[in-house]
Amino acid sequence: MKHRIVVLGAGYAGAGAAGRLARRLHPGNTEITLVNAEPDFVERVRMHQLAVGQDLKPRPLADMFEGTGVRLRLTRVSSVDVDRNTVTVLDSDGADEIEYDTLVYALGSVWNDHGVPGAAERAYEIASRPGALRLRERLARANAGQTVTVIGGGLTGLEAAAEIAEARPDLNVALATAGDLGDRFSPKAQEHLSKVFAGLGVTVHEHAEVARVEDGAVVTLDGREIPSAVTVWTAGFAVHPIAVATPMETTGTGQIIVDGTMRSISHPDVYAVGDAGYAMGDTGEPLRMSCASGTPMAWQAADAIAARLTGGKCPHVPLRYFNQCISLGRKEGLIQYVTANDRALSFSLRGRIAARYKELVCKAAAWGVANPTLGMPVRRKRIALEAASARTTSAAAIKRRTVVDRTATGPNTSSGRSRRVRR
Ligand SMILES: Cc1cc2nc3c(=O)[nH]c(=O)nc-3n(C[C@H](O)[C@H](O)[C@H](O)COP(=O)(O)OP(=O)(O)OC[C@H]3O[C@@H](n4cnc5c(N)ncnc54)[C@H](O)[C@@H]3O)c2cc1C
C-alpha cells in the first residue's frame, strides 16, 4: 500500500509543496496527487499587470509537473472530511471522493470585501485571474478622463494604482487608504512613493475608510464622496470557507491553525500552507498572507512530512521576512528592507533598480515553484514503515482526543483567535 499524499491547491504554496515532496519521497511507496481547479499555475502577484492589459506567460501545470511523478487532478474541491480522510471534488462528471493519508491544504485566498455595502456588486477585484480579467475588460472600455479609484493602501493597492496610472495616463487614478500613504514604510521610502504617485498623477485620499460603494462613487466613513467610475477593491484577502466547515481548529477568519511544522494543531494528518494556514514566524508573530510567507511554509511542510515518513530529523526552515517588494508600474519600484517580523528598517531600494529587483523576485517565485528544491540534488527516500505506522497511530490518537474535546465544547468552534488580514 502506498502512502497517499493529497495536496489541495496549486498556487505558490501547494505547487511548491507537491514538487518538493516529489523530490524527497520515493514513488515506490508514496503517491502524491495535486488537486487544482484551473489547468495553469496562476502568478497571482502579477494580477495588476494582467488587469491593465499585459499578457502573462502561460504556465500549464501539466508541463510544470511533467516527469516529477506528481499526479495532477484538475477539479474543484468542495469539502474535506477530516474524520474520514477524504476530499470531495466536483467537476463536470459530478462529485467524487479522493482519499488521503496526509493532506496538504493550500487553497489560498480570495478578495475580502469586509461586507462593505455595494462592494460585492459594484467593485472589481484583482485577487483572482477571473477578477483581473473582468477589470481588464472594464478598463479597456473606460473613457479618457474617467476616475478609477483603488480602495486599499496596502501593497496590492499601491501596485494596482501605480500600474493603472502608468498604463492609462488618460484616466484619473485615485487611491483611498485608511491611514497615511505608505505609512508602513521608512520615511525615505514613503517620500519616494509620494513622488512616484505625484509623477503618475495618482490622487491620494488619506484617512478615507470606505463605508459604501455606490454607482459612480465611493463614500467614506466620515461622509466624503469620492467620484469613481471604476472601483478596484484591494483591501485584504479572505480564505475559502472549506476549512472552517470542518472540525479542524481554525482562526476566526477561517485559516487552519498550524504548529511550527505547518501541521494542524488539531488534526495531525493535515498540513496547511500559504494564505490558508495560520502560522507563527520565528519571532512568534503570525505570518502575513503573502508569497513571502507561503513559500517557506510549503518547504517547511514538505520537509516535515518527508522527515516524519522516512524516520528522519524534522528540519527547520526559517520563517522570517527580509524585504517587501513593490512594483510601481514597470519603470519604478520600491524595496523596503524589514526586520524578521516585517517592520520597516531605514534602508530601501528605490527607482528603476527596485523595479528590476521586483521583476526578478516575481520570476524567481515562479521558477521556485517549478524547481522546489532550488536546484539541490533530488533525494527520494523510501518511507520507513515503522515511522509511517507510528505517525498514523499517534495521529489517530490525537484525532480521537479532538473528537472527545469537540463533543465537550460543541462542533465547529473556532479558536476565536483572529488576525488582521493583509498582504
Ligand atoms: C495583485 C497581487 C499582488 C501580489 N503581490 C505580492 C508580492 O509582491 N509579494 C508577496 O509575497 N505576495 C503578493 N501577493 C499575495 C500572494 O499572491 C498570495 O499571498 C499568494 O498567492 C498565496 O499563495 P497560495 O499558494 O497560498 O494561494 P494561491 O496562490 O491563491 O493558490 C491557491 C490555488 O488553489 C486553487 N484553488 C482555490 N480554490 C480551489 C478549489 N475549491 N478547488 C481546487 N483548487 C482551488 C487556485 O486555483 C490556486 O491555484 C499579491 C497578491 C495579489 C492579488
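Description of the structure in this document. Note that the structure is a prediction, hence the values are computed from the model and not measured.

**As for the pattern of salt bridges**
Phase 1: In this structure the tally under the stated criterion is 26 salt bridges.
Phase 2: Arg 71 is paired through a salt bridge with Glu 31; the nearest N and O atoms lie 3.9 Å apart. With Arg 71 in strand S3 (residues 71-74) and Glu 31 in strand S2 (residues 30-36), this pair connects stretches of sequence that are 40 residues apart.
Phase 3: Overall, the relative accessible area of 25% leaves Glu 31 in the partly exposed class.
Phase 4: Between Arg 129 and Asp 40 there is a salt bridge, and its shortest N-O distance comes to 3.6 Å. Of this pair, Arg 129 sits in helix H5 (residues 129-141) while Asp 40 sits in the loop between S2 and helix H2 (47-51), and the two are 89 residues apart along the sequence.

**Re unusual backbone geometry**
Phase 1: A positive phi angle, near 55 degrees, is found at Asn 85, a position not held by glycine.
Phase 2: You can see Asn 85 is positioned in the loop between strand S4 (76-81) and strand S5 (86-91).
Phase 3: With a relative accessible area of 13%, Asn 85 lands in the buried category.
Phase 4: Here the phi dihedral of His 114 falls at roughly 55 degrees; this positive angle occurs in a residue that is not glycine.
Phase 5: In this fold, His 114 is placed in the loop between strand S8 (109-111) and helix H4 (119-122).
Phase 6: Note on His 114: relative accessible area 47%, which makes it partly exposed.

**Focus: the side chain of Thr 75**
Phase 1: Inspection of the secondary structure assignment puts Thr 75 in the loop between S3 and S4.
Phase 2: In this structure Thr 75 touches Val 35, Asn 36, Ala 37, Val 89, Leu 90 and Asp 91, once residues within four positions along its chain are discounted.

**Re the packing of helix H1 (residues 12-24) against helix H9 (residues 352-370)**
Phase 1: With their axes 7 Å apart at the nearest point, H1 and H9 run at an angle of 40 degrees to one another. Our classification of the angle between H1 and H9 gives oblique. On H9, the residues that touch Tyr 12, Ala 15, Gly 16 and Arg 23 of H1 are Ala 365, Val 369 and Ala 370.
Phase 2: For the contact of H1 with H9, the class distribution of residues is five nonpolar, one polar and one charged.

**Notes on the site of the ligand**
Phase 1: Taken together, 33 residues lie around the ligand, and Asn 36, Arg 44, Val 77, Cys 291 and Lys 358 are the ones closest in.
Phase 2: Ala 37 places a main-chain nitrogen or oxygen 3.0 Å from a nitrogen atom of the ligand.
Phase 3: Asp 275 is positioned with one of its side-chain polar atoms (N or O) 2.9 Å from an oxygen atom of the ligand.
Phase 4: The protein chains hide 93% of the 990 Å² of surface that the ligand would expose on its own.
Phase 5: Every element with two or more residues in the shell around the ligand is listed here: H1, H2, S4, helix H6 (155-167) and helix H8 (291-310).
Phase 6: By residue class, the composition of the shell around the ligand is 16 nonpolar, eleven polar and six charged.

Rules used in this analysis
- Residues numbered from 1 in each chain as written.
- Predicted model: local features only at pLDDT ≥ 70, side-chain atom pairs only at ≥ 80, totals over all residues.
- Heavy atoms only, no water.
- Salt bridge = Lys/Arg side-chain N within 4 Å of Asp/Glu carboxyl O.
- Helix = DSSP H or I, 4+ residues; strand = E, 2+ residues; numbered from the N terminus.
- Buried < 20%, exposed > 50% of the residue type's maximum accessible area, 1.4 Å probe, protein only.
- Contact = heavy atoms within 4.5 Å.
- Axes fitted to C-alpha atoms, helices over the stretch in contact; angles between N-to-C directions.
- Parallel < 35°, antiparallel > 145°, perpendicular 65-115°, else oblique.
- Nonpolar A, V, L, I, M, F, W, Y, C, P; charged D, E, K, R; others polar.
- Near = heavy atom within 4 Å.
- Polar contact = N/O pair within 3.5 Å; in protein donor to acceptor, adjacent residues only side chain to side chain.
- Areas by Shrake-Rupley, 256 points an atom, 1.4 Å probe, with all protein chains shown as cover.

Any functional reading would require information that these geometric values do not contain.
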